[in-house]
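A closer look at the structure
The residues making up each chain are set out below.
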Amino acid sequence: MNDETMLEREQQAFLLDTLQKLLGQDSPSGFTHKATALAKDIAQGLGFEAWLTNKGNLVVKVPGRETGRTVGLCAHVDTLGLMVRSVTADGMLMVTKVGGPLMPTLDGEYCRIYTRDGRVYTGTVLSLSPAVHVQDDAATRPRDEKNMAVRIDEKVRTKADVEALGIAAGDYVCYDPKTVVTESGFVKSRFLDDKASSACLLTLLWRMHATGMRPRFDSYFTLTVHEEVGHGGATLPVVDELLAVDMGCIGEDLTCTEYQVSICAKDSGGPYDYGMVSRLVQLAKENGVDYAVDIYPHYGSDVGAAWRTGMDARGALIGPGVHASHGMERTHLDGLNATLKLAGLYLELA
């Protein structure tokens, strides 16, 4: 086995281990401290300067080989989730969405409820008509915020029983990621949007640590914590170019698959920088990276959030193809590796 093959195997092992560790940390928008603490420890353990901003973003500084330009890469570790809205008279928890989870896919999912005083309880997200032997509309009742609730795994019969546990409005409800890595190379899990890309950025740091390679220009890697609610990229280091690494869309008339890196030309916020997108396409073509160029009709990124706050930077968006976004998601190691390769080419690692 040659050195390059060994390096690729070690990189793959680090990527999967890091992704599974990130997916194992509950981190809906606004409740991301465990995920950022993990990522900070990883970055610092690789020898990089890393810190948390006031809003909670993790920033990692990577010195470049040249001065004259500063670039940024960002992904987000915040995920979808739920929050307690109220407690019913019979002790169920009504919830509100954090971000945009596809609510029908949550029917029957196990979850954890985090109280303000640090207690954690388990439960199940269910329809309010959960039993076919009892309710006539068990199969037809809408699966939405008004018609779904959390059943707590405690002996509660009244609202007062729930309140005695310390559970109240504003407590986070985090549902299981259900992560599985198959022998055929698929990664099945909730929250691949965008912990898959976050793992890719941390793996780039690992590769630089392992090889001594550095980007051409000074670079900031940022893991944001409010992307799912629209303002993750509102406070980022000032850079000349910003590359968001987030999930690629699959479906309808889009061409991307789970085995590719997607390059987004335009999303709901408008087109990305033409020159930057063209450069990414050219890099992929010249270096044999399996890619697709697509338009995302129902999508916004941290680049869009940065632009709306006035950042004067060119911006683009890439990411691994993810099937069934905001539901039971799936991608493939081929797509993750293609994303890693294109991001490394963009940084001009040497």
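Structure: see above.
In short, a report on the structure. Computed from a predicted model, the values in this text were never measured in an experiment.

Some points on the overall build of the chain
Counting its secondary structure elements, the chain contains seven helices and 18 strands. For a compact globule of 350 residues, the expected C-alpha radius of gyration is about 20 Å, and the chain comes in at 21 Å, within 12% of that figure. Dimensions of the chain, computed from the C-alpha atoms along their principal axes, are close to 65 × 50 × 40 Å. Buried residues in the chain amount to 54% of all 350 residues. Distance between charge centres in the chain, computed from 34 positive and 46 negative side chains, equals 3 Å.

Here's the deal with the nonpolar core
Formed by 100 residues in total, the largest nonpolar core has its most connected members in Leu205 and Phe221. The biggest single contributor to this core is helix H4 (residues 192–211), with ten residues. In this structure leucine 205 touches Ala43, Leu46, Phe48, Val60, Val62 and Phe221, once residues within four positions along its chain are discounted. Counting residues in each nonpolar core, the second largest holds five residues, with Phe31, Val98, Tyr172 and Cys174 among its members.

Considerations on the sheet that holds strand S18 (residues 330–332)
With antiparallel pairing, the three strands of this open sheet are ordered in space as S10-S11-S18. Every other strand in the sheet has two partners, leaving strand S10 (180–181) and S18 as the edge strands with one partner each. Judged from the two bridges that link them, S10 and strand S11 (residues 186–188) form a sheet pairing that is antiparallel. Bridge assignment links valine 181 to a residue of S11, and that residue is valine 187.

Definitions and limits used
- Residues numbered from 1 in each chain as written.
- Predicted model: local features only at pLDDT ≥ 70, side-chain atom pairs only at ≥ 80, totals over all residues.
- Heavy atoms only, no water.
- Helix = DSSP H or I, 4+ residues; strand = E, 2+ residues; numbered from the N terminus.
- Rg over C-alpha atoms; globule rule 2.2 N^0.38 Å.
- Buried < 20%, exposed > 50% of the residue type's maximum accessible area, 1.4 Å probe, protein only.
- Lys, Arg positive; Asp, Glu negative; His and termini not counted.
- Charge placed at Lys NZ, Arg CZ, Asp CG, Glu CD.
- Core = buried A, V, L, I, M, F, W, Y, C linked by side-chain atoms within 4.5 Å.
- Contact = heavy atoms within 4.5 Å.
- Pairing = 2+ DSSP bridges.

In short, the description is geometric, and any link to function would need to be established separately.
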